[in-house]
Each structure stands twice: as structure tokens, then as C-alpha cells.
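Take a look at the letters that make up each chain.
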Amino acid sequence: REVAQPAALKGPMKSISRLASSMGSWDEQAPDFEGHMDLMLKKVRSAEQSALRDGWSPQRSRVGDFIESTPYEIFTSLAIAANTVIIVIDTDQRAYRPDADVWVAIINYVFLGIYTVDLCLRLFVFRWAFFSSSWSLLDLFVVVSDIASEILT
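Described below are features of the structure shown in this document. (Residues numbered from 1 in each chain as written. Predicted model: local features only at pLDDT ≥ 70, side-chain atom pairs only at ≥ 80, totals over all residues. Heavy atoms only, no water.)

### Focus on the side chain of arginine 60
Step number 1: Within the fold, arginine 60 resides in helix H4 (residues 58-67).
Step number 2: We note that arginine 60 is buried and unpaired, the nearest opposite charge coming from glutamate 68 at a distance of 9.9 Å.
Step number 3: Not counting residues within four places of it along the chain, the set of residues in contact with arginine 60 comprises Phe124, Val125, Phe126 and Arg127. (Helix = DSSP H or I, 4+ residues; strand = E, 2+ residues; numbered from the N terminus. Buried < 20%, exposed > 50% of the residue type's maximum accessible area, 1.4 Å probe, protein only. Lys, Arg positive; Asp, Glu negative; His and termini not counted. Salt bridge = Lys/Arg side-chain N within 4 Å of Asp/Glu carboxyl O. Contact = heavy atoms within 4.5 Å.)

Written out as C-alpha cells, the structure reads:
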């Protein structure tokens, strides 16, 4: 027996039923429940992502794909880890000598450049949605305050 649905739910329910029917049976795609759930989540995320990007320009889509790619995430993670090591070295050197080495300043400028480019790319891709993420706001605060610190010193 069919249950009557409010008009507001008819569109989303059709989308969900299309997605569920595209999943196929459990046996043909994922033999276990967790595998099936992972597969379903990947398809849902892919559908959400393509729906979100429908109005995007080709350049914005390409940049979005690039900044969400695994190699880019690995690169930024390694940059953050390397910057942490440089900060420790710089702090240790300043404990013994107040004047910092030139190479440390140059490397800090390189990292600031990397973080600034990353921030600009994410602003270009996510636009106003960028400001809804706490992590993005933290990144924005850190990069802007670091740039202001460099300008003032």
C-alpha cells in the first residue's frame, strides 16, 4: 500500500529512489554490509558533488577537482609538517642567537606563499561557502595575520 507524500518530498524521494535503484543488488557490488555502505556513500557524495557543481564554470570545476585530489592534499599536509619542523628549528636557533638565519626567513616566505595560493584557490572554488567552514576561517585568520606581520616588520 502506498503512503501519500507531501508535495515537498516528492522530488527528493524520486532522487533517493533513483539512487537506490542504481545501487543494484548487494551481491553484485558489495558482499558485506560495510562495503555496501561505503559504496553507497561514495555514490551519494558523487551525486551531491555533481549537483553542487552544475552551475560552475569549467575552470572552477577543474580547480575544485585539483584542490580536492589526493596528491594535492598530500602536498599540503607535507608542507604543514615541514613548516612545523622549520618553526621548531627557528625557535631553537633563536634561543641561542636572537638574529635568525636568512634561509629560515626565505623558507618561511615560501610556506606563506604556498598557504596564500591554497587560500586563494579555495576562495575561488568555494566562494561564500568557504566562510561556512571553521577550518577555512582559521586558515584565513592565520594567513592574513602572517601577511600583516610580515608587512609590519
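Let us keep going from here.
### Quick look at the pattern of salt bridges
Step number 1: Per the stated rule, a full pass over the model turns up 3 salt bridges.
Step number 2: For the salt bridge of arginine 122 with aspartate 118, the shortest nitrogen-to-oxygen distance reads 3.1 Å. Here aspartate 118 and arginine 122 lie together in helix H6 (residues 102-126), a separation of 4 residues that amounts to about one turn. Accessibility classification places arginine 122 together with aspartate 118 in one group, the buried group.

### So, the packing of H4 against H6
Step number 1: Running from N to C, H4 and H6 point in directions that differ by 130°, and their axes come no closer than 9 Å. Our classification of the angle between H4 and H6 gives oblique. As H4 runs across H6, the sense of the crossing is left-handed. Where H4 abuts H6, its residues Gln59, Arg60, Val63, Gly64, Phe66 and Ile67 lie against Leu121, Arg122, Phe124, Val125 and Phe126.
Step number 2: Its residues assigned to classes, the contact of H4 with H6 comprises 7 nonpolar, 2 polar and 2 charged. (Axes fitted to C-alpha atoms, helices over the stretch in contact; angles between N-to-C directions. Parallel < 35°, antiparallel > 145°, perpendicular 65-115°, else oblique. Left-handed = near helix turned anticlockwise from the far one by under 90°. Nonpolar A, V, L, I, M, F, W, Y, C, P; charged D, E, K, R; others polar.)

### What about the layout of surface pockets?
Step number 1: Here the largest pocket defines a volume of roughly 460 Å³.
Step number 2: The wall of the largest pocket is formed by 18 residues, among which Thr76, Ile80, Asp118, Arg122 and Asp139 lie closest to the centre.
Step number 3: Looking at the lining of the largest pocket, the elements that each hand over two or more residues are helix H5 (70-96), H6 and helix H7 (134-152).
Step number 4: A total of 7 residues in the lining of the largest pocket trace back to one element, the largest contributor, which is H5.
Step number 5: Of the volumes computed, that of the second largest pocket is approximately 370 Å³.
Step number 6: If you trace the second largest pocket, you find 18 residues lining it, with Asp90, Asn108, Tyr109, Asp146 and Glu150 closest to the centre.
Step number 7: No other element matches H6, which puts 7 residues into the lining of the second largest pocket. (1 Å grid on protein atoms, 1.4 Å probe; cavity = no way out; pocket = protein on both sides within 12 Å on 5 of 7 lines; lining within 4 Å. Points joined across faces, edges and corners; volume = space filled by probe spheres on them.)

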